[in-house]
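Inside the fold
Okay, here's what each chain looks like letter by letter:
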Amino acid sequence: MALPHQGYRATKPRARAAPPSGDPLLFDDTSSGAPPINNQNYYESGYNMGAAAPAGQGASGANNLFTDPMASAAMMYGSSLANQGKDMVNKEISRFMSVNKLKYFFAVDTKYVVKKLMLLMFPYTHQDWEVRYHRDTPLTPRHDVNAPDLYIPTMAFITYILLAGMALGIQKRFSPEVLGLCASTALVWVIIEVLVMLLSLYLLTVHTDLSTFDLVAYSGYKYVGMIFTVLCGLLFGSDGYYVALAWSSCALMFFIVRSLKMKILSSLSADSMGAGASAKPRFRLYITVASAVFQPIIIYWLTAHLVR
Amino acid sequence: MALYGLILAAVLFTNAVAVLHEERFLAKIGWGVDQSIGGFGEEPGVKTQLVNLIRSVRTVMRGVFIKIIYFIVSI
């Protein structure tokens, strides 16, 4: 079970060849700027699927690919069929969630990931927690270290599952079903937390610009703390586990409170002119603090059985 | 496995919210639909939001979702 045990930080930069970071356009699909070689794994022979393939190109390509014109015709037909399937899938998915919004969360680069990881583990010296805007749209994580992203939570979730499998394997308690159980348990807790946050934000009519994906991102940041805790528990035994648990809990609580404070507590709703110091700021504070206190509890709950 | 439990719990809970009858039950408790729909700039408050939420869940449920629920529960 070769796992990024020693190279947790090294797994992060490897995942993506960074799109050109000097690109000012925020939502540009960088995979269409360069010739679409990335998702052409099936057609290794350089057959350009993006351009409308006329028969002439197919014929000239046939000389390169096969000498059999039937094979090239079949490949053209197959590629057009795959295009249709891809369009249909895109249409169906974009009915449920906007893909552009999702792309915003994955527009990260190496510098951002490193800074964000350090921020998650040691947020006490960071001064400015505002999310910067660029003509009314929030900046992508590539340009703003305070912006939430979904790359780190996803990767941390997967790493946590692998690490849990490895920890159980060290203690000779591993079986393949355990991985699935651990994964679904962690996923269920994230879903519960996001649903509870959404419900409380709706009931208390807090007008923020926190979307669902933002909440998923902030919930997912606790997996970084969990990974750190489990690693310290494996390396240094039970004492190391509790020390790391305390450290990552404090850091994560601080991070969550500071980040959500900008979004929830200082959101100017239209009815803040009436009863100013009414119950509303108090409830918002309750929400923020409750969300922060929930993190150490769930970290302990999900990792205590891995480190005995 | 835990995911299936969550889905089942969510569906059953939504069903439970949807079958709270308006006249027979909620009005008696005082959770009936808002008669005073004034106040644009004022805070709706938790109870009003909750009552509106229950009402909207019931309205949505009367559509397609009932079929989905019976389909899932019958598995």
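Residues numbered from 1 in each chain as written. Chains lettered and ligands numbered in written order. Predicted model: local features only at pLDDT ≥ 70, side-chain atom pairs only at ≥ 80, totals over all residues. Heavy atoms only, no water.

Some thoughts on the overall build of chain B
Secondary structure summary: chain B contains three helices and zero strands in total. When its helices and strands are written in sequence order, chain B yields α-α-α. Counting every position in chain B, which comprises 75 residues, the buried fraction comes to 13%. (Helix = DSSP H or I, 4+ residues; strand = E, 2+ residues; numbered from the N terminus. Buried < 20%, exposed > 50% of the residue type's maximum accessible area, 1.4 Å probe, protein only.)

Here's the deal with the packing of helix α8 (residues 176-203) of chain A against helix α10 (residues 222-265) of chain A
All names here are of chain A. Two elements in contact, α8 and α10, have axes separated by 16 Å at closest approach and are oriented at 20 degrees. The pairing of α8 with α10 is recorded here as roughly parallel in orientation. The interaxial crossing formed by α8 with α10 has right-handed handedness. Note on element contacts: α10 touches α8 through K222, Y223, L260 and I264, opposite A186, L187, V190, E193, M197 and L201. Tallied by class, residues from the contact of α8 with α10 come to eight nonpolar, no polar and two charged. (Axes fitted to C-alpha atoms, helices over the stretch in contact; angles between N-to-C directions. Parallel < 35°, antiparallel > 145°, perpendicular 65-115°, else oblique. Left-handed = near helix turned anticlockwise from the far one by under 90°. Contact = heavy atoms within 4.5 Å. Nonpolar A, V, L, I, M, F, W, Y, C, P; charged D, E, K, R; others polar.)

Some thoughts on the UniProt feature "transmembrane region" (unreviewed entry) in chain A
All names here are of chain A. When the UniProt feature table is mapped to this numbering, "transmembrane region" (unreviewed entry) covers residues 150-171, 178-204, 224-257 and 283-302. The span residues 224-257 shows a helical share of 100% and a strand share of 0%, and its end C-alpha atoms are spaced 17 Å apart. Along residues 283-302, the helical share is 100% and the strand share 0%, with 28 Å between the first and last C-alpha atoms. (UniProt positions renumbered as here; feature names shortened; annotations may be inferred.)

Brief notes about the confidence of the model for chain B
All names here are of chain B. Taken residue by residue, chain B gives an average pLDDT of 75. The fraction at 70 or more is 81%. Looking across chain B, the model is least confident in helix α2 (residues 22-29), with a mean pLDDT of 73, and most confident in helix α1 (residues 2-18), with 83. Prediction confidence for the complex, expressed as pTM and ipTM, is 0.68 and 0.75 respectively. (pLDDT = per-residue confidence, 0-100.)

A short note on the side chain of Q295 of chain A
Looking at the element boundaries, Q295 of chain A is found in helix α11 (residues 279-303). Excluding its chain neighbours within four sequence positions, the residues that come into contact with Q295 of chain A are E193, K222, L252 and I256 of chain A.

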